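For reference, the chains in residue letters:
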Amino acid sequence: MNLPDKAQLMDSEGIRRAITRIAHEIVEKNQGVEDLVLVGIRRRGVPLAQRLREKISDIESLNIPLGSLDITLYRDDLSTSHVQPIIHKTEVPFSIDGKIVVLVDDVLFTGRTVRAALDALMDMGRPQAIQLAVLVDRGHRELPIRADFVGKNVPTAKKEIISVCVHEIDGDDSVSIQKLHL
Amino acid sequence: MALYIKKGRVIDPANEIDEIRDLKIDNGKIVASGLAVAEEATEVDEVIDCEGMLVIPGLIDLHCHLREPGGEAKETIASGTRAAARGGFTAVSAMANTAPVCDSQSGVEFLLKRAAETGIVRVYPIGAITKGLKGQELAEMADMATCGAIAFSDDGKTLSRSDLMRQALQYAQMCQRLIICHCEDDDLVHDGVMHEGYWSTILGLKGIPAVAEDIIVARDIQLAEDTGSAVHIAHVSTAGAVELIRQARARGVNVTGEVCPHHLALTDSAVEGYNSSTKVNPPLRTEKDRQALKEGLRDGTLTILATDHAPHTTEEKAREYAYAPFGISGLETAWPLYWRELIEEKVMTISEMVASLTIHPAKRCNLPGGTLSVGAPADITVIDPNMEENVSLEGWESQGKNTPFLGWTLRSWPICTIVNGQIVMKDRKIVD
Amino acid sequence: MSFQRKDLLGLRGMTAQEISYILDTALPMKDVIQRDIKKVPTLRGKTVVCLFYEASTRTRTSFELAGKYMSADTINISTSTSSVVKGESLIDTGKTIDAMGADIIVLRHGASGAPALLGKHVKARIINAGDGFHEHPTQGLLDMLTIRERKGTLEGLTVTILGDILHSRVARSNIWGLTTMGAKVRVCGPATLLPPEIEALGVEAFTSVEEALEGADVVNVLRMQLERQQKGLFPSIREYARLFALNKERLKRCKSDVLVLHPGPMNRGVEIANDVADADFSAIEEQVTNGVAVRMAILYLMMGGGTANGSVH
């Protein structure tokens, strides 16, 4: 397997603009930020949630609670591979009862990660509502799940790979697509 | 019809022979030995071409458990003697710890009768020292000696009572028979299952300290010296026991000792993994003990090699290590293991090793055989010293599959066993 | 990183990397235990059989809860050791459980090596929950987790294990684990209860409790089995307590921030004084919580799968 034909879909500026737009949409849709909490899905959903929080703070002059979620224990593909994921800590240091939880992830693909995240949230309490924000929606859903806020819709072939880099983890910001030649 | 063994390297330590020769066998006896004897063979005679092979007196095992009567699921005289033949042995001595115990004339007679009916090599009964191996009353040794017991032993158990051991030595000497001692202090062994040391600490298994053997070897040597009797120490396994025997022999005590193949080939590190085939009594000891046994064989302190063949059923051995019975099924791998440890390691000459398996045990118990003299019974073993074989259960004759040597590649194997002029094993297979 | 072993038989031979991985995985498990809803669906449809040939409410309950918190179906089979000798063989019992579809068998057995034996004959993966005097790996791991949480690291610490070392599987698992992680281990007990050649395992052996405690960061006090006295291994409980019990006075020889562990159940007044057992430098209750977390981590890793592909979608 080799991975040539890597094409950039978003650069740092593009990502910044997308985050800004999503922040405005969240505030608008929820008519303010009362009862709003952000929960990023580990790993790259967490820095994106952090950025959204800063943008929302700029708009509304209010810091909303931010948590991070490791969904490993809720995955449905245990035992199908030989490598176990390293489990990171789930840190949601506030009650989500009665809150509007905006779940943040980098890419929406099959929907299985979001399904796992929904289950994980449900085990933590009873939110008023859960909304989903993603930087990229690449299609190919396997479950009836859709995003409320999307940075960019990217039509892809199933075998292509979407890579999201965020500078907090990867050192730079970018979204790129790679064609897979098997 | 005569049988000729042609152009083998004939090694007969009793006669100090080690040269290429032919042997002629007729009517169960060796009738001629020399160069070109086989050239007189006619078409009706059978000739075994032994070029490149060793032709040696049939191996004699002084220490074997045939399990019959009472333990027929583990081994019978039939299966045990087949295993012996496959291992190159033409005679085995059966220990008394059967059920019932071989502690009377009828026990000895039963064994000899069954051996005559079902055995394919010679079987020599060893009678119990004490009734029922209980260590309380002497068995009728004189009676047993009269009808064929070659020696006496409570093997499997130590005769704890020193007074009784002393009396047994005196009584056996009167009967002109040897006492064979299983040496372990029961209190020190307690419920130990392996050698006490580094590995028992790691594996968390109850240890059997070396001193448990040494202390009884020392006692039995002192008693033999005190009574002027002969004593033979079974399955010597510790450096301490070797040294005790060495010192005793130096001061003229009539003591001999035997070594088993597993104590030469393995150490207690083999217990790692808890393979119950490594559970044996006395236990596999340390490298220091292993080297001491070799030194004892090298310097003549230890003069006899014996198998302590102790077969068990697969079910009995497929247990937790602590619950599995002690014992290794050893007849079929003894020769190549000795070869590996003693010849390839240059501990002994081939002639010396052959002597320890033939003339030495024969002389110690006044048995016929052990030589290739003209006129001697034609008990002969042919060895292919270059043959390599993987130890596997394919073709394994003993009912006891409990060997820790499975998968080992060993060199030098018995390829023909002749008992009383009859070929009982050829090309590694029993001749039925 | 992955957990490649079929069976978890002991900590001997395990690498520092593997041990760290298990301890790291136990941390999020601890969060699950502390939530209101103490359940994750990770091991749904998996079956864990706790096969206990020795009575042990503590370890068995810990494994059972670990399984249940992760949604596995857990079944307990308790058999007395007497029936081991006469009844169905371990291998036959194991094969039966195997045929019923168990994914993991957690085995507690009085005979050292029993889990190794069972592991060779069944498809299910084996977790050793204590075998004879051999090993008790999950206890070793939970002790290490507790020490690491309190001290931040294991490397460079001096850990004194006090008591009947000879008959202790806890001591052996602690020795292997701690030495692998770079701790200095001392063992201390009556001369009759120190195993032969114990120092060859990379520890220092002491018969003086005062010397063994000098400057120690951690003391792990073992349970004294009272029946050892009947076997002549020491003269009396009274004398044992006088010579070896961990009390406040002796603790002064340790570092001021010493941590005291005990695998439980305690014989108060025998191996450990009351004022030590209940003091806040004792982490005996934390050990119990960590035990469940470590066992969840082990169950997870041994049933584990999935891909950690980060941002690759």
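Bear in mind that the values here come from a model prediction, so they are computed numbers and not experimental data. (Residues numbered from 1 in each chain as written. Chains lettered and ligands numbered in written order. Predicted model: local features only at pLDDT ≥ 70, side-chain atom pairs only at ≥ 80, totals over all residues. Heavy atoms only, no water.)

### Looking at the UniProt feature "active site" (unreviewed entry) in chain B
Right, on to step 1. As annotated by UniProt and renumbered to match this structure, "active site" (unreviewed entry) occupies Asp308(B).
Right, on to step 2. For Asp308(B), the position within the fold is in the loop between β15 (304-305) and α11 (314-317). (UniProt positions renumbered as here; feature names shortened; annotations may be inferred. Helix = DSSP H or I, 4+ residues; strand = E, 2+ residues; numbered from the N terminus.)

### Digging into the UniProt feature "binding site: Zn(2+) 2" (unreviewed entry) in chain B
All names here are of chain B.
Right, on to step 1. Residues annotated by UniProt as "binding site: Zn(2+) 2" (unreviewed entry) correspond here to Asp155, His182 and His235. Taken together, the annotated residues stretch across 81 residues yet fold into one region, lying no more than 10.0 Å apart by C-alpha.
Right, on to step 2. Looking at the element boundaries, aspartate 155 is found in the loop between β9 (151-153) and α4 (162-174).
Right, on to step 3. The contact partners of aspartate 155, leaving out residues within four places of it in the chain, are His63, His65, Met95, Asn97, His182, Ala234, His235 and Asp308.
Right, on to step 4. Of note is the side chain of aspartate 155, whose polar atom sits 2.9 Å from the side chain of histidine 63.
Right, on to step 5. Mapped onto the secondary structure, histidine 235 falls in the loop between β13 (231-233) and α8 (239-250).
Right, on to step 6. The exposure class of histidine 235 is buried, given its relative accessible area of 3%.
Right, on to step 7. Side-chain polar atoms of histidine 235 contact the side chain of aspartate 155, separated by 3.1 Å. (Contact = heavy atoms within 4.5 Å. Polar contact = N/O pair within 3.5 Å; in protein donor to acceptor, adjacent residues only side chain to side chain. Buried < 20%, exposed > 50% of the residue type's maximum accessible area, 1.4 Å probe, protein only.)

### Focus: the arrangement of the chains
Right, on to step 1. Contacts are most numerous between chains A and C, considering all 2 pairs of chains that are in contact.
Right, on to step 2. With no contact formed, the shortest span from any C-alpha in chain A to any C-alpha in chain B equals 26 Å.

### A word on the side chain of Asp22(B)
Residues and elements named next belong to chain B.
Right, on to step 1. Mapped onto the fold, aspartate 22 is located in strand β2 (residues 17-26).
Right, on to step 2. A distance of 3.4 Å separates a polar side-chain atom of aspartate 22 from the backbone nitrogen of alanine 36.
Right, on to step 3. A polar contact of 2.9 Å, which involves the side chain of aspartate 22, links it to the backbone nitrogen of alanine 38.
Right, on to step 4. In this view, aspartate 22 contacts Ile5, Lys6, Lys7, Ala32, Ser33, Gly34, Leu35, Ala36, Val37 and Ala38; residues no more than four positions away in its chain are not counted.

### Observations concerning the domain arrangement of chain B
Residues and elements named next belong to chain B.
Right, on to step 1. Along its sequence, chain B is organised into domain 1 (3-55 + 376-385 + 411-430) and domain 2 (57-364).
Right, on to step 2. Relative to domain 2, the C-alpha centre of domain 1 lies at a distance of 29 Å.
Right, on to step 3. With 24 residues of domain 1 in contact, the opposing surface of domain 2 contributes 23 residues.
Right, on to step 4. Interface area, domain 1 with domain 2, both sides summed: about 2,000 Å², of which 63% is carbon and sulfur.
Right, on to step 5. The largest contributions to the domain 1 side of the interface with domain 2 come from Pro13, Asp379 and Ile430, which together make up 25% of the buried area.
Right, on to step 6. Where domain 1 touches domain 2, the interface holds 2 salt bridges.
Right, on to step 7. Across the salt bridge formed by glutamate 344 and arginine 411, the nearest N and O atoms sit 3.3 Å from each other.
Right, on to step 8. Seen at the junction of domain 1 and domain 2, the total is 8 residue pairs in polar contact (both at pLDDT 80 or more).
Right, on to step 9. Here the side of domain 1 that touches domain 2 takes 7 residues from strand β17 (residues 409-419), the largest share from any one element.
Right, on to step 10. Within the side of domain 1 that touches domain 2, the residues separate by chemical class into 15 nonpolar, 4 polar and 5 charged. (Domains from an automatic or database assignment. Buried area = accessible area lost by both parts, 1.4 Å probe. Salt bridge = Lys/Arg side-chain N within 4 Å of Asp/Glu carboxyl O. Nonpolar A, V, L, I, M, F, W, Y, C, P; charged D, E, K, R; others polar.)

### Some thoughts on the packing of aromatic side chains
Right, on to step 1. On inspection of all chains with the given rule, the structure shows 5 aromatic pairs over all chains.
Right, on to step 2. Both rings, one in Tyr240(C) and one in Phe244(C), keep their centres 5.3 Å apart while their planes meet at 25 degrees; by these two values the pair is stacked. With Tyr240(C) and Phe244(C) both in helix α10 (residues 237-244) and 4 residues apart, the pair spans about one turn of that helix. Exposure class is identical for Tyr240(C) and Phe244(C). Each is buried.
Right, on to step 3. Above the ring of Phe109(A), the side-chain terminus of Arg138(A) is found at 3.8 Å from the ring centroid.
Right, on to step 4. It is Arg295(C) that lies over the ring of Phe63(C); its NZ or CZ is 4.9 Å from the centre. (Phe/Tyr/Trp six-rings, centres within 6.5 Å; stacked < 30°, edge-to-face > 60°. Lys NZ or Arg CZ within 6 Å of the ring centre and 35° of its normal.)

### Comments concerning a nonpolar patch on the surface
Right, on to step 1. Together, Leu188(B), Val211(B) and Ile215(B) give the surface a local cluster of nonpolar side chains, amounting to about 220 Å² of exposed area.
Right, on to step 2. Of note, Ile215(B) is situated in helix α7 (residues 210-227). (Patch = residues over 30% accessible without salt bridge, like charges linked within 9 Å, V, L, I, M, F, W, Y side chains within 5 Å. Areas by Shrake-Rupley, 256 points an atom, 1.4 Å probe, with all protein chains shown as cover.)

### Details of unusual backbone geometry
Right, on to step 1. Here the residue pair Glu68(B) and Pro69(B) is connected by a cis peptide bond, since its omega of 5 degrees sits within 30 degrees of zero.
Right, on to step 2. Of note, Pro69(B) is situated in the loop between β6 (59-64) and α1 (77-86).
Right, on to step 3. Located in the positive-phi region is Ser61(A), a residue other than glycine, with phi close to 55 degrees.
Right, on to step 4. When you line up the elements, Ser61(A) lands in the loop between α2 (45-60) and β3 (66-69).
Right, on to step 5. The residue Ser71(C) is not glycine, and still its phi comes out positive at about 70 degrees.
Right, on to step 6. Secondary-structure assignment places Ser71(C) in the loop between α2 (57-69) and β2 (73-78).

### Structural notes on the side chain of His232(B)
Residue and element names in this part refer to chain B.
Right, on to step 1. With respect to the secondary-structure elements, histidine 232 resides in strand β13.
Right, on to step 2. Looking at histidine 232, the relative accessible area reads 0%, which means it is buried.
Right, on to step 3. Polar side-chain contacts of histidine 232 include one of 2.8 Å to the side chain of glutamate 258.
Right, on to step 4. In this structure histidine 232 touches Leu62, Leu178, Ile179, Ile180, Cys181, Thr256, Gly257, Glu258, Ile304 and Arg364, once residues within four positions along its chain are discounted.

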